[in-house]
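Listed below are the residues making up each chain.
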Amino acid sequence: MRNSSIPLILTDEHARVRLPEGTFSQPETVLRMVEVVGRGFFVALVASDSFEDRQPRTLIMSWDSDVVGFIESPKMDARLLQLEHFSATEEDGQLRLRHRQVLAISRGVDTAAGDAEVIMFLASDGSCFCGQEAVSPPRSIKVGSLIANVGNQSGTDTRHRQPNGGVA
Amino acid sequence: MFVSLPDYRFHVPTPLAAPGAAYWRCLVLSTTTPWYLLTTRADENSPADTFLMVWDSDVVQAIKTCDVQVESLTLVSRNRNRNRWDSIDIAEIWEASDPEYEEPQVLLVDVHGAEYSGYFMQPAVGVQRLRLVVKFPVRSSGPRATGEEH
């Protein structure tokens, strides 16, 4: 399964790095290369008081719900210092990796899909995207509450930005 | 390096999984040194494959040994002053030499002509180009890096 509609991160045994036992407290797998399966992925720079060394950590995430999970989990209580979304897109017949800087995350519902919950990401280029395919939100989506603004407090407008680019 | 988080493993039935592969929803990056996003595809009608790598030598090795179209390379570099990652679109990859080091070097040239090399992919000084590994088609690109003001 290398081409999947489910966004995931694939690791191969051949890319594994063998480290001395005890390097990590748990039996983690350490790799020098991974492959992204699906249309896109997130790179998050995260701060949390739950981190032992209090240093920000970089997470590679496939699912939008996990991004929100890190923020809303009482155990993690994470703050997003930076959130980037990468996706392979084709423009003028040429493939490129599009990267978008996320400024805010909101929760909404899709009224055309039984009010299913949707997570929306507002990017610095004014675009808004949602779903595993990182598509533009359809008109049937009703915007709900702000989940988080992204960025250092000193450098980011913490007012509620709307997915249409406005500021509440 | 990329470090797994056991709680975020996604179990794919063995018949569906690629041989020797494991699947994850989330990984941790354990380094603050630059890393790389290499996009390839088997042919013009195939979907993109994106690889995340932590060593520049792996990028060159992959390009030289894989029978695929290499579409793009993005250098992701830590901006320590602003405590964030910057994404830099690369236009050319060169095998290179540096008089200060015995080991072969990798030289990256971004879409604006700036050169980077070394463990921290600093602006290259005195690095000599030896062999062109790949040159990507030049786009009328936007910002130099996602983290820069413009």
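The structure this text deals with has already been given above.
Residues numbered from 1 in each chain as written. Chains lettered and ligands numbered in written order. Predicted model: local features only at pLDDT ≥ 70, side-chain atom pairs only at ≥ 80, totals over all residues.

> For this particular structure, what's the right way to read the overall build of chain B?
Each helix and strand counted, chain B has one helix and 11 strands in total. Dimensions along the principal axes, computed over C-alpha positions, put chain B at roughly 50 × 35 × 35 Å. A burial count over chain B gives 36% of its 150 residues as buried. Long-range pairs, those at least 24 residues apart, make up 49% of the contacts in chain B between residues at least 6 apart in sequence. (Helix = DSSP H or I, 4+ residues; strand = E, 2+ residues; numbered from the N terminus. Buried ≥ 20, exposed ≤ 12 C-beta atoms within 10 Å, placed from the backbone. Contact = placed C-beta atoms within 7 Å.)

> When you look at unusual backbone geometry in this model, what are you seeing that I'm missing?
Most of the time, phi is negative for any residue but glycine, and the peptide bond is trans. Residues and elements named next belong to chain A. Within the chain, Asp-115 stands out as a residue other than glycine whose phi angle is a positive 60°. Checked against the element boundaries, Asp-115 lands in the loop between strand E7 (94–110) and strand E8 (116–123). Of the residues examined, Asp-115 has 12 C-beta atoms within 10 Å and is grouped as exposed.

> Quick question: what am I supposed to make of the pairing of strand E4 (residues 35–41) of chain B here?
As a general feature of sheets, a regular strand has side chains that alternate between the two faces. Residues and elements named next belong to chain B. Here E4 lies mainly inside the structure; six of its seven residues are buried. Note: E4 against strand E6 (residues 69–79), seven bridges, orientation antiparallel. Note on E6: the bridge partner recorded for Thr-40 is Val-70. As judged from the five bridges shared by E4 and strand E5 (residues 49–53), these two strands associate in the antiparallel manner. Each bridged residue has a counterpart across the sheet, and for Leu-37 the counterpart in E5 is Leu-52. (Pairing = 2+ DSSP bridges.)

> Mind showing me how you'd approach helix H1 (residues 64–72) of chain A here?
Residues and elements named next belong to chain A. When we look at burial in H1, the residues that qualify are Asp-64, Val-67, Phe-70 and Ile-71. Each buried residue of H1 sits inside an arc of 125° when the element is viewed along its axis, so together they form one side. Opposite the buried face of H1, at more than 90 degrees from it, the exposed residues are Ser-65 and Glu-72. Buried residues belonging to H1 abut strand E4 (40–47), strand E5 (57–61), strand E6 (79–91), E8 and strand E10 (141–149). (Arc of directions from axis to C-beta.)

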